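Listed below are the residues making up each chain.
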Amino acid sequence: MLEVRDLTTSYGSVVALNSVSLTVVESKITTVIGANGAGKSTLLRTISGLEKPASGSVTWNGESLLGKRPEEIVRMGIAHVPEGHAVISALTVEENISMGALFRRRTHKNDIAQATEELYTLFPRLLERRKQLAGTLSGGERQMLAISRALVSRPSLLLLDEPSLGLAPLVVEQIIDSINVLSQKTGLTVLLVEQNANTALSVADYGVLLSLGKVAAYLPADELKADASLRAAYLGY
Amino acid sequence: MFLAASSFEPYNQGQLAVTLTLFIGILSIVILTGISGQISLGQSALMAVGGYSTALMIINLSMSLWIAIPLSIISGGVAGLLLGTVAARLSGPYLAGTTLVVALAIPSIATRFDSIFKGDEVLEVDVGYPPAWFVRAFGDPTYEMWQFYVALPFALLALFFASNLLLSRSGRVWRSIRDHEIASALAGVKVSRQKVFVFTISASFAGLAGALYGLRGSVGPSTYPTSLSLLLLTGAILGGIRSIAGAFIGSVLVVFLPDWIDLAVHSFELSEQVSNYLPALVGGILLILTVVLNPAGVAGGSHLHKHK
Amino acid sequence: MDTLLAALFTGTSRGAIYALVAMGLVLVWRGAGIVNFAQMGQAMFSTYIASSLIMNGYSYWLAFFVAIAAGALLGVFLDLAVMRPLSNKKQTELLSSASMRAAVPVIASLGILGVLQALAGVFWAAEERGFQAPFAQEGYTIAGRVMPFTSFDLFVMSVVTFTLILTVLFFKKTGVGLAMRASALDQEVAKLSGIRTNGVRALSWAISGAASSLAGLLLTPTSNLSPYTLDLALIIGFTAAVVGGLDSLPGSVIGGFILGFVISFVNYYLTPEDIYLAILAVLVFVLVVRPRGILGGKDTRRV
């Protein structure tokens, strides 16, 4: 279980996260929605260790994540797929995936092979293109690759940042569905940041509405989805 | 001050002259690197140009000291213009590396075309003797003091011009290029042209320094080694790369530090091997420490400088 | 014809060594984002260590491997002691300027070079030494004619070829190699993949230190060893790296050989004094015509 308490992160004088508190329930999908600039990406980046918060706490199964380097947090079972650039274009599809499991190579060789196979089954397009450079892939394939890179290490918590950005709705659906299926099957905990509130709320179990760095609402997803006044106030529809 | 100086040993008097000379050289770095942000290791080559042109004019054309030295400003400037046209397109390590190669290549021209430049045989020039009217007015100085007196007006000239440059509109433009190159270009600054301009001006300072440096006695391919560029850079960093006061502090440090170190370790019985290289070692360590801990140098954060 | 053959052979064997130097520079550029101007100073230092060992009666081969190990350790030390603190420095007014941020590591590496050269003076009186390799420096005699290559040249070629193959295999086939490539290309994604980027960076310094020490060991037998003999190798290596593309390892190899041939031909057909000018000409030519180098990628242009 991921516990975030009074987390405050600033960029210089701009306060991106203002005393944010939330709980990410194990084996469930929690989605963070909100307008641009609401602080959603900053939240993920603070949890994964890329940003240092000014105050507050983040604990995963009781252990604090603060002050740890991102590469150490990964080894605790938390994988972050950042928005935009999440694959390395100059490396092949295969290399991008094995990159995600390098830190386990010595101890879990067979499991990695197994995990890789499962991912190729989940995303057959990647199997076809496995020797190609990641830079030659389409947007949707790159996103699948990014997620594969994160999943190959069999994380317990997946931080997914705007997977739908720049992708066609059909592709987005496929990707979100795969995540859903994965979560059901393996008990993977997911913290999903999404611009596309509708799509996110249809698969999520819980929803966090972030506005200007503050938590405006934290509800079960279908309640959040049904609340028209909240939607109008914060999401504009 | 002059009275005090005349009571120094000739060796120390000579050092005063070198201090003024290196002050001018370090000013060239303050202008180029401190103000416009371009890092060049080629100052020794530009000094060589100034030194050689002055020496050749004195020897071959029997020109007077007082005409030949100012002409080194021009010859240095021309060399800087040439260097600048290539260098202005470069930045960071590309610029540093290229100017380093230039610093190594220029002295080799002297050996390559030794018919003109006399190759390894050095050109011998010196500051000559003071004119009669000077001796009547100030007494007969030692040779080293005369070196100092010759260098002094040029150092003051350099100080005056550098000061004006730093405070001028050009200075502001160069600082904006240093700090926000893209923004400056968008604001209409012709960045390349300005960079070449700075190179030219900085090189004219270096040429002048080179002329005075060579007038200590000889101009040859080994008079202006690459280590001279590094010496100037070290002085600039230690003293404060963004100010004139920093340049002066730097030149004093660079010239007198070796002696102070020798004095400090005098009581320890160090082998000759160690004591020979201790100043260089300390200098290098100081450079590293300054760059890591306080890149702005001694003069950096103080009120000694009027502008950034 | 003889001169041509000699020039070609020398160009090849020297070019191979310059490829090593260039590779070292590219490794640290990719891994740490700086051009290490002190690199050949490190090599000089290691070679002095080897030379002292040999002078004290130890075998060449022991000295050889000790020098390479020393080069690697020295590289790691420099990363931890100087370059790491440098990049962790908080923002000051001076460092808010992008051009000063680029200049500071250059100056630091020059300071390191100065310190290493001064230490060579302190430890070994900066004395110029010969450095004999256990290989003949005379050409083979085949069918009565003296060939323009020596057994030392063969040694150089085999060592460098072996090293290059090892390097390619390392980067393409091993996990550590992949980690290094990933960190150099995108440090953030590498960290998020669990790669310890600090360790990877120290490793690039170590490998670069080892490669350059090897280059130093291979260069000094044909010239003398002094604190300054390898300075020329640095600018040749730098030019080679720029020619090949500062961010490309294969490029550095190509650049090394190109420079090797250029210098060799200048040596044989013109005069040795022209070398510096030739190097300058090559450098300026590349920077004006194709600044990113032969194999350089387009997003690394700092020009």
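Please read these numbers as outputs of a predicted model, since none were measured by experiment. (Residues numbered from 1 in each chain as written. Chains lettered and ligands numbered in written order. Predicted model: local features only at pLDDT ≥ 70, side-chain atom pairs only at ≥ 80, totals over all residues.)

### Some points on the overall build of chain B
Thought 1: Within chain B one finds 14 helices and 2 strands.
Thought 2: For chain B, the C-alpha atoms occupy an extent of roughly 60 × 50 × 40 Å along the three principal directions.
Thought 3: Relative to all contacts within chain B whose residues are 6 or more apart in sequence, the contacts with residues 24 or more apart total 79%. (Helix = DSSP H or I, 4+ residues; strand = E, 2+ residues; numbered from the N terminus. Contact = placed C-beta atoms within 7 Å.)

### Quick notes on the overall build of chain A
Thought 1: Looking only at helices and strands, one finds 10 helices and 10 strands in chain A.
Thought 2: A globule of 237 residues ought to have a C-alpha radius of gyration of about 18 Å, and chain A, at 17 Å, matches this closely.
Thought 3: The principal-axis extents of the C-alpha atoms in chain A amount to approximately 50 × 40 × 35 Å.
Thought 4: Looking at chain A as a whole, 46% of its 237 residues are labelled buried.
Thought 5: Long-range pairs, those at least 24 residues apart, make up 67% of the contacts in chain A between residues at least 6 apart in sequence. (Rg over C-alpha atoms; globule rule 2.2 N^0.38 Å. Buried ≥ 20, exposed ≤ 12 C-beta atoms within 10 Å, placed from the backbone.)

### Things to note about the interface of chain A and chain C
Thought 1: On the chain C side, the residues contacting the 22 residues of chain A number 16 residues.
Thought 2: Going through the elements one at a time, α2 (70-74) and α3 (93-101) of chain A are the ones with two or more residues in the side of chain A that touches chain C.
Thought 3: Top element by residues in the side of chain A that touches chain C is α3 of chain A. It accounts for 4 residues.
Thought 4: In terms of residue class, the side of chain A that touches chain C is made up of 11 nonpolar, 6 polar and 5 charged. (Nonpolar A, V, L, I, M, F, W, Y, C, P; charged D, E, K, R; others polar.)

### Considering the interface of chain C and chain B
Interface size, as often reported, equals the accessible area lost upon joining of the parts.
Thought 1: On the chain B side, the residues contacting the 41 residues of chain C number 42 residues.
Thought 2: Looking at the side of chain C that touches chain B, the elements that each hand over two or more residues are α3 (60-87), α4 (98-124), α9 (231-244) and α11 (275-289) of chain C.
Thought 3: Counting residues per element, the side of chain C that touches chain B draws most heavily on α4 of chain C, at 17 residues.
Thought 4: Among the residues forming the side of chain C that touches chain B, the class breakdown is 30 nonpolar, 7 polar and 4 charged.

### Some thoughts on helix α12 (residues 226-239) of chain B
Residue and element names in this part refer to chain B.
Thought 1: With 14 residues, α12 extends 20 Å from end C-alpha to end C-alpha; this agrees with the ideal 20 Å at 1.5 Å per step.
Thought 2: Most of α12 is tucked away: 13 of the 14 residues are buried.
Thought 3: Looking at the residues trailing α12, positive phi occurs at Gly240, about 130°. (Expected span 1.5 Å × (residues − 1).)

### Describing the packing of α3 of chain A against helix α6 (residues 139-151) of chain A
Residues and elements named next belong to chain A.
Thought 1: Two elements in contact, α3 and α6, have axes separated by 6 Å at closest approach and are oriented at 35°. Once α3 is placed against α6, the crossing between them reads as right-handed. Taken together, the residues of α6 that come into contact with α3 (itself represented by Val93, Asn96, Ile97, Met99 and Gly100) are Leu145, Ser148, Arg149 and Ala150.
Thought 2: The residue makeup of the contact of α3 with α6, split by class, is 5 nonpolar, 3 polar and 1 charged. (Axes fitted to C-alpha atoms, helices over the stretch in contact; angles between N-to-C directions. Left-handed = near helix turned anticlockwise from the far one by under 90°.)

### Remarks on α11 of chain C
Thought 1: Helix length check: α11 of chain C (15 residues) gives 21 Å between terminal C-alpha atoms against 21 Å at 1.5 Å per residue, within 8%.
Thought 2: If you check which residues of α11 of chain C are buried, you get Ile275, Tyr276, Ile279, Leu280, Val282, Leu283, Val286 and Leu287 of chain C. Angularly, the buried residues of α11 of chain C cover 160° about the axis, an arc narrow enough to put them on a single face. What points out from α11 of chain C, more than 90 degrees from its buried face, is the exposed set Phe285 and Val289 of chain C.
Thought 3: Packed against the buried residues of α11 of chain C are α5 (92-112) of chain B together with α9 and α10 (249-269) of chain C. (Arc of directions from axis to C-beta.)

### Some remarks on the sheet that holds strand β5 (residues 63-64) of chain A
All names here are of chain A.
Thought 1: Pairing is antiparallel across the open sheet formed by 4 strands, whose spatial order is β2-β1-β4-β5. The open sheet is flanked by β2 (14-24) and β5, the only strands paired with a single partner.
Thought 2: Taken together, the 5 bridges between strand β1 (residues 2-11) and strand β4 (residues 55-60) define a ladder with antiparallel strand orientation. Across the sheet, residue Leu2 finds its bridge partner in β4, namely Trp60.
Thought 3: Along the sheet face, helix α1 (residues 40-47) touches β1, β2 and β4 and points at about 70° away from the line of β2. (Pairing = 2+ DSSP bridges.)

### Quick notes on unusual backbone geometry
All names here are of chain A.
Thought 1: Phi at Arg154 is positive, roughly 50°, even though this residue is not glycine.
Thought 2: By the secondary structure assignment, Arg154 is in the loop between α6 and β7 (157-161).
Thought 3: In this structure, Leu212 takes a positive phi of about 50° despite not being glycine.
Thought 4: Tracing the backbone shows Leu212 in the loop between β9 (206-211) and β10 (214-220).

### Side note on the environment of Arg112 of chain B
Thought 1: Structurally, the position occupied by Arg112 of chain B is in helix α5.
Thought 2: Discounting chain neighbours no more than four positions away, the residues touching Arg112 of chain B are Glu273 and Asp274 of chain C.

### A look at the sheet that holds β10 of chain A
Residues and elements named next belong to chain A.
Thought 1: Strand order across the open sheet formed by 6 strands is β6-β7-β8-β3-β9-β10, with mixed pairing between neighbours. What marks the edges here is a single partner per strand, and that holds for β6 (78-81) and β10. Within the sheet, the average angular offset between the axes of one strand and its neighbour, ignoring direction, is 15°.
Thought 2: Pairing of strand β3 (residues 29-33) with strand β8 (residues 189-194), which is carried by 5 bridges, proceeds in the parallel orientation. When the bridges of β8 are listed, Val32 appears paired with Val193.
Thought 3: The sheet contacts of α6 involve β6 and β7, and relative to β6 the element is tilted by about 165°.

### Some thoughts on the packing of helix α2 (residues 39-55) of chain C against α3 of chain C
The description of two packed helices rests on the angle between their axes and on the distance between the axes.
All names here are of chain C.
Thought 1: The contact between α2 and α3 brings their axes to 8 Å, and the two run at 150°. In terms of orientation, α2 lies roughly antiparallel with respect to α3. Every pair of crossing elements has a handedness; the one defined by α2 and α3 is right-handed. Two secondary-structure elements touch here, α2 through Gln42, Ala43, Phe45, Ser46, Thr47, Ile49, Ala50, Leu53 and Ile54 and α3 through Tyr60, Leu62, Ala63, Phe64, Val66, Ala67, Ala70, Gly71, Leu74 and Gly75.
Thought 2: The residue makeup of the contact of α2 with α3, split by class, is 14 nonpolar, 5 polar and no charged. (Parallel < 35°, antiparallel > 145°, perpendicular 65-115°, else oblique.)

### Some points on the confidence of the model for chain B
Residues and elements named next belong to chain B.
Thought 1: Residues with a pLDDT of 70 or more make up 94% of chain B, whose mean pLDDT is 85.
Thought 2: By mean pLDDT, helix α1 (residues 2-6) is the weakest element of chain B at 59, and helix α11 (residues 191-214) is the strongest at 93.
Thought 3: Interface confidence for the predicted complex, given as ipTM, is 0.91, next to a pTM of 0.87. (pLDDT = per-residue confidence, 0-100.)

### Quick word on the pairing of β3 of chain A
In the case of a regular strand, side chains alternate between the two sheet surfaces.
Residue and element names in this part refer to chain A.
Thought 1: For β3, the buried fraction is high: 5 of the 5 residues fall into the buried class.
Thought 2: Covered by surrounding structure in β3 are Ile29, Thr31 and Ile33 together with Thr30 and Val32, the residues of both alternating faces.
Thought 3: One ladder, built from 4 bridges, connects β3 with β9; its direction is parallel. In the sheet register, Thr30 faces β9, and the bridge partner there is Tyr206.

### Concerning the pairing of β1 of chain A
Residue and element names in this part refer to chain A.
Thought 1: As paired strands, β1 and β2 are joined by 7 bridges and run antiparallel to one another. Each residue of the ladder has a partner; that of Glu3, found in β2, is Thr23.
Thought 2: Connecting β1 to the next strand, β2, in antiparallel fashion are 2 residues, including Gly12 with a positive phi near 65°.

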